[in-house]
Amino acid sequence: MKLIIAVIKPFKLDEVRVALSDVGVSGITVTEVKGFGRQKGHTELYRGAEYVMDFLPKVKIEVAVADDVVEHAIEAIEKSARTGKIGDGKIFVAPIEQVIRIRTGDTGSDAL
C-alpha cells in the first residue's frame, strides 16, 4: 500500500477528483494549504501598493491506494493537474505500513 500526496493548484481539484475516481480510487482527503516552490510567490497590487505574496494557495490531496493502483493514480493526477505553467505542483509517494478501518476493524488493503 502507498500514500500518494499531491500538492496542486486549487482550480484543478475537481478534474483530479474525477480522474482518480475513473481509475478506481474511492476516497481522498483534501486540505487547503499555502506554499511556494521555484516560483517564489508573486507580487500583487492592492489599493495602489505592491505586495509580495510569498505563499500561494494550493490544495493538498492525500490518497491511500493498493500497490497495483499506484501508477494509474499517479498518471491520473499528473494528466489532470498539469497546466504546463510554473506552479503545477508535486506528487509524493510514501509506503504505508498498516491501515485499520475504525468502524469494522478491517486491516490492510481490506481497510482501503
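Predicted model only: the values in this text are computed from it and were never measured. Each chain has its residues counted from 1, following the order in which its sequence is written. At least 70 in pLDDT is required for a residue's local features to be given in this predicted model, at least 80 for side-chain atom pairs to be given and counted, and no such filter applies to totals for whole chains, interfaces and linings, which use all residues. Excluded from the side-chain calculations are hydrogens and water; all other atoms, namely the structure's heavy atoms, are used.

## Describing the overall build of the protein
Strands are runs of DSSP state E lasting at least 2 residues, helices are runs of H or I lasting at least 4, and numbering of each runs from the N terminus. Counting its regular elements, the protein contains 2 helices and 6 strands. Listing the helices and strands of the protein from first to last along the sequence gives β-α-β-β-β-β-α-β. Note on contacts: a residue pair qualifies if any of its non-hydrogen atoms lie within 4.5 Å across the two residues. For the protein, contacts bridging at least 24 residues in sequence account for 72% of all contacts bridging at least 6. Where accessible areas are quoted, they stem from the Shrake-Rupley method and a 1.4 Å probe; at the residue level, only the protein chains shown are allowed to cover. Working note: accessible area of the protein is about 7,800 Å², and carbon and sulfur atoms make up 51% of it.

## A closer look at helix H2 (residues 70-81)
In this analysis, the expected span of each helix is defined as 1.5 Å times one less than the number of residues it contains. If you check H2, its first and last C-alpha atoms are 16 Å apart, about what 12 residues at 1.5 Å a residue would give, namely 16 Å. Along H2, the positions that sit buried rather than exposed are Val70, Ala73, Ile74, Ala76, Ile77, Ser80 and Ala81. One face of H2 carries all of its buried residues, which in axial projection span an arc of 160°. Residues Glu71 and Lys79 are exposed on H2 and point more than 90 degrees away from its buried face. On its buried face, H2 sits against strand E1 (2-8), helix H1 (13-22), strand E5 (56-65) and strand E6 (89-95). A simple rule labels every residue: compare its accessible area, found with a 1.4 Å probe on the protein chains alone, to the largest value its type can have, and call it buried under 20%, exposed over 50%, or partly exposed in between. Directions from the helix axis toward the C-beta atoms define the arc.

## Notes on the sheet that holds strand E2 (residues 29-35)
Pairing between the strands of a sheet comes from backbone hydrogen bonds, and it takes one of two forms, parallel or antiparallel. Only strands that DSSP links by at least two bridges are regarded as paired with each other. Strand order in the open sheet made by the 4 strands is E2-E5-E1-E6, with antiparallel pairing throughout. On the outer flanks of this sheet lie E2 and E6, each paired with one strand and no other. Going from strand to strand, the sheet's axes swing by 20° on average, the running direction of each strand aside. Note that E1 and E5 share 7 bridges and pair antiparallel. In the sheet register, Ile8 faces E5, and the bridge partner there is Val59. Lines fitted to the C-alpha atoms define the axes, with helices restricted to the stretch that makes contact. Angles between their N-to-C directions range from 0 to 180 degrees. Strands E1, E2 and E5 of the sheet are contacted by H1, whose axis makes an angle of about 10° with E5. Relative to E1, H2 is tilted by about 5°, and along the sheet it contacts E1, E5 and E6.

## Here we look at the nonpolar core
In plain words, nonpolar cores are sets of buried Ala, Val, Leu, Ile, Met, Phe, Trp, Tyr and Cys residues tied together by side-chain atoms within 4.5 Å. Within the largest apolar cluster, 18 residues are counted, with the highest numbers of intra-cluster contacts made by Ile4, Ile8, Val16, Leu20, Val25 and Val65. Residue assignment for this core shows that the elements contributing at least two residues are E1, H1, E5 and H2. Other than its neighbours up to four places away in sequence, Leu20 contacts Val25, Ile28, Val63, Ala73, Ala76 and Ile77.

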